[in-house]
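The residues making up each chain are set out below.
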Amino acid sequence: MAVTMLAAYYSKGCHSEKLFMGLNISQNEFFKMHLNKYNVIFLDIQWMYGNALEEMKRNSTLKVVSYIQEQRLMSL
């Protein structure tokens, strides 16, 4: 959850000012300087691993690593 919040704060792909308003961070002098200003790569390894295990149950010849690589390539 902490990583998701960091991604929401820094990522250009989010418009999260309302999410942080009213929190202590919004009172910080650097709040708007860094808010949604950066390109962020967010990989949810737990999600990918869970999907790889499900796929392995359906197809026992598929390796976890190859599935994760395939998912990464599809997301690019």
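So, how was this worked out
- Positions within a chain are numbered from 1, following the residues in the order the chain's sequence is written.
- For a predicted model such as this one, the threshold for reporting local features is a pLDDT of at least 70, and the threshold for listing and counting side-chain atom pairs is 80 or more; totals across whole chains, interfaces and linings nevertheless cover every residue.
- By convention in this description, side-chain values take in all heavy atoms of the structure and omit both hydrogens and water.
- In this text, helices come from DSSP runs of H or I with a minimum length of four residues, and strands from runs of E with a minimum of two, each type numbered from the N-terminal end.
- Here the term buried applies to any residue with accessible area under 20% of the maximum for its type, exposed to any over 50%, and partly exposed to those in between, with areas from a 1.4 Å probe on protein chains only.
- Whether two residues are in contact is decided by their heavy atoms: any pair within 4.5 Å suffices.
- Residues grouped as a nonpolar core are buried Ala, Val, Leu, Ile, Met, Phe, Trp, Tyr and Cys residues, joined through side-chain atoms within 4.5 Å.
- What makes a salt bridge here is a side-chain nitrogen of Lys or Arg within 4 Å of a carboxyl oxygen of Asp or Glu, nothing more.

K.L.:
With reference to specific residues and values, describe the overall build of the protein.
P.N.:
A tally of regular secondary structure across the protein gives five helices and zero strands. Counting helices and strands in the order they occur from the N terminus, the protein gives α-α-α-α-α. Here the protein holds 76 residues, and 20% of them are scored as buried. Pairs at least 24 residues apart make up 36% of the contacts formed inside the protein by residues separated by at least 6 positions.

K.L.:
Can you explain unusual backbone geometry? Please cite residues and give values.
P.N.:
In terms of backbone geometry, most residues other than glycine have negative phi values and most peptide bonds are trans. Even without being a glycine, Asn-36 presents a positive backbone phi close to 55°. In this fold, Asn-36 is placed in the loop between α3 (31-34) and α4 (45-58).

K.L.:
An account of the environment of Ala-7 is requested, with residue identities and associated values reported.
P.N.:
Inspection of the secondary structure assignment puts Ala-7 in helix α1 (residues 2-10). Along the sequence, Ala-7 and Val-40 sit 33 residues apart, while their C-alpha atoms lie 6.6 Å from each other. With near-sequence residues (within four places) excluded, Ala-7 lies in contact with Cys-14, Val-40 and Phe-42.

K.L.:
For the nonpolar core, give the residues involved together with the corresponding values.
P.N.:
Ala-8, Tyr-9, Phe-20, Phe-31 and Leu-35 together form the largest nonpolar core, which totals five residues. The residues contacting Phe-31, other than those within four sequence positions of it, are Tyr-9, Glu-17, Phe-20, Met-21, Ile-25 and Ser-26.

K.L.:
Describe the pattern of salt bridges, listing the residues and the values that go with them.
P.N.:
Any two side chains of opposite charge can pair, given that their charged atoms come close. Inspection of every chain in the model, using the stated rule, returns one salt bridge. The closest approach of N and O atoms between Lys-32 and Glu-17, which form a salt bridge, is 3.0 Å. Residue Lys-32 is located in helix α3, and its partner Glu-17 is located in helix α2 (residues 17-20); the two are separated by 15 residues in the primary sequence. The exposure class of Glu-17 is partly exposed, given its relative accessible area of 31%.

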